[in-house]
Protein chains: 2
Amino acid sequence: MSDTANTRPTLSAVAARAGVSASTASLVFSGSGPVAEATRERVLEAASALGYAGPNPTARSLRRGRTGIVGVVTEDRLGDAFRDPINLALLDGLGDELADEGLGLLVLPWSPGSRADLAAAPMDAAVLLGCSADLAGSVELLRRRRIPLIAIEAPPLDGVVPIDLDNADATRRGAELLRELGHERVALVTLPLDIDRLRAPLTPEREAEATAYTAMERIRGAREVFPDATGVSAGASTVAEGYVAGRALLDVPGDRPTAIIAQSDLLAVGAIRAAEELGLAVPTDLSVLGFDGARLDGITSHVLTTLAQPAVEKGRAAGRAVRASLVGEMPAGVALGAELRRGETVAPPRA
Amino acid sequence: MSDTANTRPTLSAVAARAGVSASTASLVFSGSGPVAEATRERVLEAASALGYAGPNPTARSLRRGRTGIVGVVTEDRLGDAFRDPINLALLDGLGDELADEGLGLLVLPWSPGSRADLAAAPMDAAVLLGCSADLAGSVELLRRRRIPLIAIEAPPLDGVVPIDLDNADATRRGAELLRELGHERVALVTLPLDIDRLRAPLTPEREAEATAYTAMERIRGAREVFPDATGVSAGASTVAEGYVAGRALLDVPGDRPTAIIAQSDLLAVGAIRAAEELGLAVPTDLSVLGFDGARLDGITSHVLTTLAQPAVEKGRAAGRAVRASLVGEMPAGVALGAELRRGETVAPPRA
DNA sequence: TTGTAGGCGTTATCAC
DNA sequence: GTGATAACGCCTACAA
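Values in this document were obtained by computation on a predicted structure and should not be read as measured data.

**A few points about the interface of chain B and chain A**
Okay, so step 1: With 50 residues of chain B in contact, the opposing surface of chain A contributes 50 residues.
Okay, so step 2: Of the roughly 4,200 Å² buried between chain B and chain A, counting both surfaces, carbon and sulfur atoms make up 56%.
Okay, so step 3: The interface formed by chain B and chain A contains four salt bridges.
Okay, so step 4: We note a salt bridge from Asp96(A) to Arg77(B), for which the minimum N-O separation is 2.8 Å.
Okay, so step 5: One can count 18 residue pairs in polar contact (both at pLDDT 80 or more) joining chain B with chain A.

Structure below.
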């Protein structure tokens, strides 16, 4: 048994066995330079004899100054971040765009529960996903590392490339539709306002302390049309939470809202279920507006009237920005738009 | 402006500025060794003056022989792999278990569409996720790299630590329940049989060439009770696919099956919808058995009779196996069991 | 076409 | 407590 049996073979071991120098062997594997056919074969033979699996990625990274890894920072536990269909679509787009470059995704949860060590994670660039103001700390850290930063729907941050959605404007357009139909009492079901994800009525105090950028932008857009609109914040973007929120808004004495602006389609579906359980027909007794426009497997509902966002394209745009920043460019930010898609869940209020 | 303005500062730059040696500065950051308080402060001061963000992760990895990264190899595009609630739960468990150790997850899709470069990805261990026989090639590669391998529900592979579920036995127990109730014509709706994910009737030929281990094990378990059972394979584990499969099985002339064994809850829900659309009541006209037992947000259905599997625990077990293998142990495999959970979707066949 | 030399940024070891 | 030295495994000028 040879003495190299137990330790990973190195390039020089292979070179030695093949009777060439390490640099020549290196050329065989990197392909960046001419090597005589005979030499190449001897090297490959030595490699397979030794069980050499190719250059050590870490050493190569150090030498080249590139890891081939892109970090994806999420504000949830892994599973939760990926439970949102919009994030999944985004991930598809991002993954596609990066896979071509041989870049891998390193998932970095940055939530109160478990937070990855952003200081120690090897990466060439990072995409900030469920962005809120709470991210400021992590951004600071990554910036010191001089890691190019791409943020999806985040408040403007110095030196961070924004991939934005017109959350406020899109919501405003949706709200205008409701107003044109004659609605006046409109309630909101929002995404979580911060990492505490408290499920509770909106209050000026809570809004003042909110950190979730997307949620706040959508609220802002709604208020441009219905300045006094209030409502409840959900604990997550799920049908179950939408249902709870819907009950809270609809199962009340006195005047109910005639329309609900939900900040995601899942929340909208939940609200609709709450309404129907209370004997309210959608859209005759209650109009419901959603947000996202992603296909929801297995969740039956009316055809939602919703603000459809280009989620896959968001991911692609982020991927392109990552690639640009890796070749030293400072990529321009991207602003994407959501589109009002007319379904069957809004109508004039009952006379 | 100093001449170090444009390049990432290094540990020795910091050391130089603080007037100490690199090794001493290193101790300040790694904390592994005694450093005089005054020295420490001077070093930290120099670091912040230079904008040093801590030791370069790649260099550290090279030196320490550890990257702090665990690869997760999936057989789908990212988005698709994470669309399955079972995988999400598993990821939660795995992430939890690894986060404590400061280990990050590097997602490596290994599908015909986009396959990560398993030879070049830095990692200390890998978890094989949507495992099928097609993985053999990638396993071979990773094994040559001497990377500890943990496989979730995979066919036995030399040197790979298995985290198994009793797919065959659990399905058999479910099938036995159906037989005891008096069912004789039982049809299967299976998970995809291979990476082609063809949606089509089961045939001996297709089964012979199938590579998806979990699907085949569950088929095997069903056949222990209903040796002649046949059915259709779905193109994915979704309600939509379950619906299509259900139509194919139920919307036929002649004797319909009186029971369906679906290989996931999503498929089961789809099959139930197909049945009801055809005017068949569940469970009176048709019994449906699911698999998984995960909570499905927003997907309303009967309370499923299903084989509930410990998905989070699967992830945790994999995480523990990873940790063990990183300290040089060869972890024992783990065998987990699914439990028959009686819901309201099975009943005796109509007389 | 091949080899030599040097360094990527750290940290472990061992002296002092 | 601190510092010199070497090594982790590879790649790339440059020289031969």
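**Re the domain arrangement of chain A**
Accessible area lost during the coming together of the parts is what is often quoted as the interface size.
Okay, so step 1: Parsing chain A into structural domains produces domain 1 (3–55), domain 2 (69–165 + 311–336) and domain 3 (167–308).
Okay, so step 2: Its C-alpha centre places domain 1 of chain A at a distance of 37 Å from the equivalent point of domain 2 of chain A.

**A few points about the sheet that holds strand β10 (residues 287–292) of chain B**
Residue and element names in this part refer to chain B.
Okay, so step 1: Ordered in space as β7-β8-β6-β9-β10-β11-β13, the seven strands form an open sheet in which the pairing is mixed. The strands lining the two open edges of the sheet, one partner per strand, are β7 (200–201) and β13 (339–341).
Okay, so step 2: Pairing of strand β11 (residues 305–308) with β13 involves three bridges; the strand directions are antiparallel. Among the inter-strand pairings, Ala308 is bridged to a residue of β13, identified as Glu339.
Okay, so step 3: Here helix α12 (residues 265–277) sits on the sheet and contacts β6 (186–190), β9 (259–262), β10 and β11; the angle it forms with β10, its principal contact strand, is near 160 degrees.

**Remarks on the pattern of salt bridges**
All names here are of chain A.
Okay, so step 1: Taken as a whole and assessed by the stated rule, the structure comprises 44 salt bridges over all chains.
Okay, so step 2: Of the charged contacts in the structure, one is a salt bridge between Glu140 and Arg143, with a shortest N-O distance of 3.7 Å. Placement of both Glu140 and Arg143 in helix α7 (residues 136–144) is noted, with a separation of three residues, approximately one turn of the helix.
Okay, so step 3: Its relative accessible area of 37% is what places Glu140 among the partly exposed residues.
Okay, so step 4: Residue Asp166 is joined to Arg173 by a salt bridge in which the shortest nitrogen-to-oxygen separation is 3.4 Å.
Okay, so step 5: The network of salt bridges with common partners includes Asp166, Asp169, Arg172, Arg173, Glu176, Glu217, Arg220 and Glu224.

**A few points about empty space enclosed by the protein**
Okay, so step 1: Across all of its chains, the model carries six cavities of 30 Å³ or more by this definition.
Okay, so step 2: Taken as a whole, the largest cavity holds about 60 Å³ of empty space.
Okay, so step 3: Counting residues per element, the ones that place at least two in the lining of the largest cavity are α4 (57–64) of chain A together with α4 (57–64) of chain B.
Okay, so step 4: Each residue belonging to the lining of the largest cavity can be placed in one class, and the counts come to four nonpolar, six polar and no charged.
Okay, so step 5: Approximately 50 Å³ is the volume found for the second largest cavity.
Okay, so step 6: Looking at the second largest cavity, the residues that line it are Arg77(A), Leu78(A), Pro109(A), Ser114(A), Leu91(B), Asp92(B), Gly95(B) and Asp96(B).

**Some details on the protein's contact with DNA strand D**
Okay, so step 1: As a structural note, the neighbourhood of DNA strand D is formed by 21 residues, with Leu11(A), Tyr52(A), Arg63(A), Thr24(B) and Thr39(B) the closest of them.
Okay, so step 2: Protein-adjacent atoms of DNA strand D, using a 4 Å cutoff, are sugar or phosphate at a proportion of 70%.
Okay, so step 3: Within the contact set of DNA strand D, a phosphate oxygen lies 2.9 Å away from a backbone nitrogen or oxygen of Asn56(A).
Okay, so step 4: A distance of 2.8 Å separates a phosphate oxygen of DNA strand D from a polar backbone atom of Ala36(B).
Okay, so step 5: Of all the elements in the fold, those that place two or more residues in the surface near DNA strand D are α2 (22–30) and α4 of chain A together with α2 (22–30) and α4 of chain B.
Okay, so step 6: Of all the elements, α4(A) adds the most residues to the surface near DNA strand D, at four residues.
Okay, so step 7: When the residues that make up the surface near DNA strand D are grouped by side-chain class, the tally is nine nonpolar, eight polar and four charged.

**Looking at the protein's contact with DNA strand C**
Okay, so step 1: Near DNA strand C lie 22 residues; those nearest to it are Ser23(A), Thr39(A), Leu11(B), Tyr52(B) and Arg63(B).
Okay, so step 2: Taking all atoms of DNA strand C within 4 Å of the protein, the share assigned to sugar and phosphate is 66%.
Okay, so step 3: Between DNA strand C and Ala36(A), the relevant distance is 2.8 Å, taken from a phosphate oxygen to a main-chain nitrogen or oxygen of the residue.
Okay, so step 4: Taking Arg60(B), its side chain carries an N or O atom lying 3.3 Å from a phosphate oxygen of DNA strand C.
Okay, so step 5: At the level of elements, α2 and α4 of chain A together with α2 and α4 of chain B are the ones that each hand at least two residues to the surface near DNA strand C.

The rules behind the values
Residues numbered from 1 in each chain as written. Chains lettered and ligands numbered in written order. Predicted model: local features only at pLDDT ≥ 70, side-chain atom pairs only at ≥ 80, totals over all residues. Heavy atoms only, no water. Contact = heavy atoms within 4.5 Å. Buried area = accessible area lost by both parts, 1.4 Å probe. Salt bridge = Lys/Arg side-chain N within 4 Å of Asp/Glu carboxyl O. Polar contact = N/O pair within 3.5 Å; in protein donor to acceptor, adjacent residues only side chain to side chain. Domains from an automatic or database assignment. Pairing = 2+ DSSP bridges. Helix = DSSP H or I, 4+ residues; strand = E, 2+ residues; numbered from the N terminus. Axes fitted to C-alpha atoms, helices over the stretch in contact; angles between N-to-C directions. Buried < 20%, exposed > 50% of the residue type's maximum accessible area, 1.4 Å probe, protein only. 1 Å grid on protein atoms, 1.4 Å probe; cavity = no way out; pocket = protein on both sides within 12 Å on 5 of 7 lines; lining within 4 Å. Points joined across faces, edges and corners; volume = space filled by probe spheres on them. Nonpolar A, V, L, I, M, F, W, Y, C, P; charged D, E, K, R; others polar. Near = heavy atom within 4 Å.

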